[in-house]
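A look at the structure
What follows is each chain in one-letter form.
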Amino acid sequence: MEKKMEEKRIVEIDGVKIEVDLRTAKRIDTFCVGDNVKVLCKDYDSYKVKPGIITDFANFKEKPTIVVAVFNEGSWSSSPNIEFIHIYEGMENKYEIIYADGEELRLTKDGVIEKFEREIQKKRNEAQDLQNQLDYFKKHFLKNAGQVETNA
């Protein structure tokens with residue numbers, strides 16, 4: 001006969017040894033404001049893991065809430081942005097958070113600032129390009145129609 005695998009473990013907590021049945025044991029995490037976390041965002045049939053930082057614990061009487069600032073790096077069609085996610089009882093079907101592993105890329109102040117500054121410069125370049133095109137249009141196209149405009 002095959003021997004059943006042992007599913008109990010002895011753990012020591014503050015000097016007290018306790019036998020724990022691993023089949024029914026629950027993991028309890030303790031988070032602090034400023035902790036780097038990963039947020040699993042569940043949306044219909046898709047799942048995305050996003051980096052975040054815990055920014056607040058809102059101790060509401062009805063629904064205590066963890067507030068997480070999630071950094072969306074953006075894609076070819078969108079800019080980076082910060083989204084605030086509110087996690088409370090009943091949201092486990094939409095969000096799940098865990099600690100960011102020390103081996104992973106973590107959000108840093110300088111890294112996020114650099115991404116936003118790069119995006120701001122990109123938008124300034126786009127605005128300057130549009131201004132140049134408008135100036136060219138006013139100078140060359142409106143002149144022929146007898147509607148010379150001055151630059152504003």
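Residues numbered from 1 in each chain as written. Predicted model: local features only at pLDDT ≥ 70, side-chain atom pairs only at ≥ 80, totals over all residues. Heavy atoms only, no water.

Remarks on the packing of aromatic side chains
How we decide: Stacked, edge-to-face and tilted are the three classes for Phe, Tyr and Trp ring pairs, Trp counted by its six-membered ring, which pair at centre distances within 6.5 Å; planes under 30 degrees apart are stacked, over 60 edge-to-face, the rest tilted. In this description a helix means any DSSP run of H or I spanning at least four residues, a strand means any run of E spanning at least two, and both kinds are numbered starting from the N terminus.
This model, assessed by the stated rule, comprises 4 aromatic pairs. A ring pair is formed by Tyr136 and Phe141, whose centres lie 6.4 Å apart and whose planes are at 65°; its orientation type is edge-to-face. Taken together, a centroid distance of 5.2 Å and an interplanar angle of 20° make the contact between Phe137 and Phe141 stacked. Of this pair, Phe137 and Phe141 both sit in helix H1 (residues 109–144), 4 residues apart, which is roughly one turn of the helix. The rings of Tyr136, Phe137 and Phe141 are connected pair by pair, giving a single aromatic cluster.

As for the confidence of the model for the protein chain
This is how it is decided: On a range of 0 to 100, pLDDT expresses the predictor's confidence in each residue.
Predicted confidence across the protein chain gives a mean pLDDT of 79, with 81% of residues reaching 70 or more. Element-level mean pLDDT values for the protein chain span from 77 in strand E1 (residues 8–13) up to 88 in strand E5 (residues 65–72).

Some points on the sheet that holds strand E4 (residues 46–58)
Backbone-to-backbone hydrogen bonds pair the strands of a sheet. The strands run either parallel or antiparallel. Applicable threshold: Criterion used throughout: strands pair if DSSP finds at least two bridges between them. Where helices are involved, their axes are fitted lines through C-alpha atoms of the stretch in contact, as for all axes, and angles between N-to-C directions lie from 0 to 180°.
The strand order across the open sheet built from 5 strands is E6-E5-E4-E3-E7, with neighbouring strands paired in antiparallel fashion. Of all strands in the sheet, those bounded by a partner on one side alone are strand E6 (81–87) and strand E7 (95–99). Pairwise comparison of adjacent strand axes, ignoring direction, gives a mean angle of 35° for this sheet. Taken together, the 8 bridges between strand E3 (residues 36–43) and E4 define a ladder with antiparallel strand orientation. By the bridge assignment for E4, Leu40 is matched with Val49.

With respect to the nonpolar core
In plain terms, the rule: Side-chain atoms within 4.5 Å link the members of a nonpolar core, which is a set of buried Ala, Val, Leu, Ile, Met, Phe, Trp, Tyr and Cys residues. For the exposure calls, accessible area comes from a 1.4 Å probe over protein chains only, and a residue counts as buried if that area is under 20% of its type's maximum, exposed if over 50%, partly exposed in between. By definition, residues are in contact when any of their heavy atoms lie within 4.5 Å.
Counting 13 residues, the largest nonpolar core has Val39, Ile54, Val68, Ile85, Ile87, Tyr95 and Ile97 as its most contacted members. Looking at this core, the elements with two or more residues in it are E3, E5, E6 and E7. Apart from the residues within four sequence positions on either side, Ile85 is in contact with Val39, Cys41, Ile66, Val67, Val68, Val70 and Tyr95.

Some thoughts on the pattern of salt bridges
The criterion, for reference: The term salt bridge refers to a side-chain nitrogen of Lys or Arg lying within 4 Å of a carboxyl oxygen of Asp or Glu.
One pass over the full model with this rule turns up 4 salt bridges. Salt-bridge contacts for Glu83 lead to Lys50; the nearest nitrogen and oxygen are separated by 3.8 Å. Linking Glu83 in strand E6 with Lys50 in strand E4, this pair joins segments that are 33 residues apart in sequence. The closest approach of N and O atoms between Glu114 and Arg118, which form a salt bridge, is 3.0 Å. Pair noted here: Glu114 and Arg118 are both in helix H1, with a separation of 4 residues, about one helical turn.

Topic: the pairing of E1
Little of E1 sits inside the fold, with 0 of its 6 residues counted as buried. The sheet contact formed by E1 and strand E2 (residues 16–21) spans 6 bridges and is antiparallel. When the sheet's bridge partners are listed, Arg9 is paired in E2 with Val20.

Looking at the side chain of Thr65
Selection criterion: Here a polar contact is taken to be a pair of N or O atoms separated by no more than 3.5 Å, where protein atoms must pair a possible hydrogen donor with a possible acceptor and residues adjacent in sequence count only if both atoms sit in side chains.
Within the secondary structure, Thr65 sits in strand E5. A polar contact of 2.8 Å, which involves the side chain of Thr65, links it to the backbone oxygen of Lys63.

Some points on the environment of Gln133
Looking at the secondary structure, you find Gln133 in helix H1. What makes Gln133 partly exposed here is its relative accessible area of 47%. At 3.0 Å, the side chain of Gln133 and the side chain of Asp129 are in polar contact.

Re the side chain of Asp35
With respect to the helices and strands, Asp35 occurs in the loop between E2 and E3. Residue classification places Asp35 among the buried positions, given a relative accessible area of 19%. Engagement of the side chain of Asp35 in a polar contact is seen with the backbone nitrogen of Cys32, the distance being 2.7 Å. Leave out the neighbours within four places in its chain, and Asp35 touches Thr30, Gly52, Ile53, Ile54 and Tyr99.

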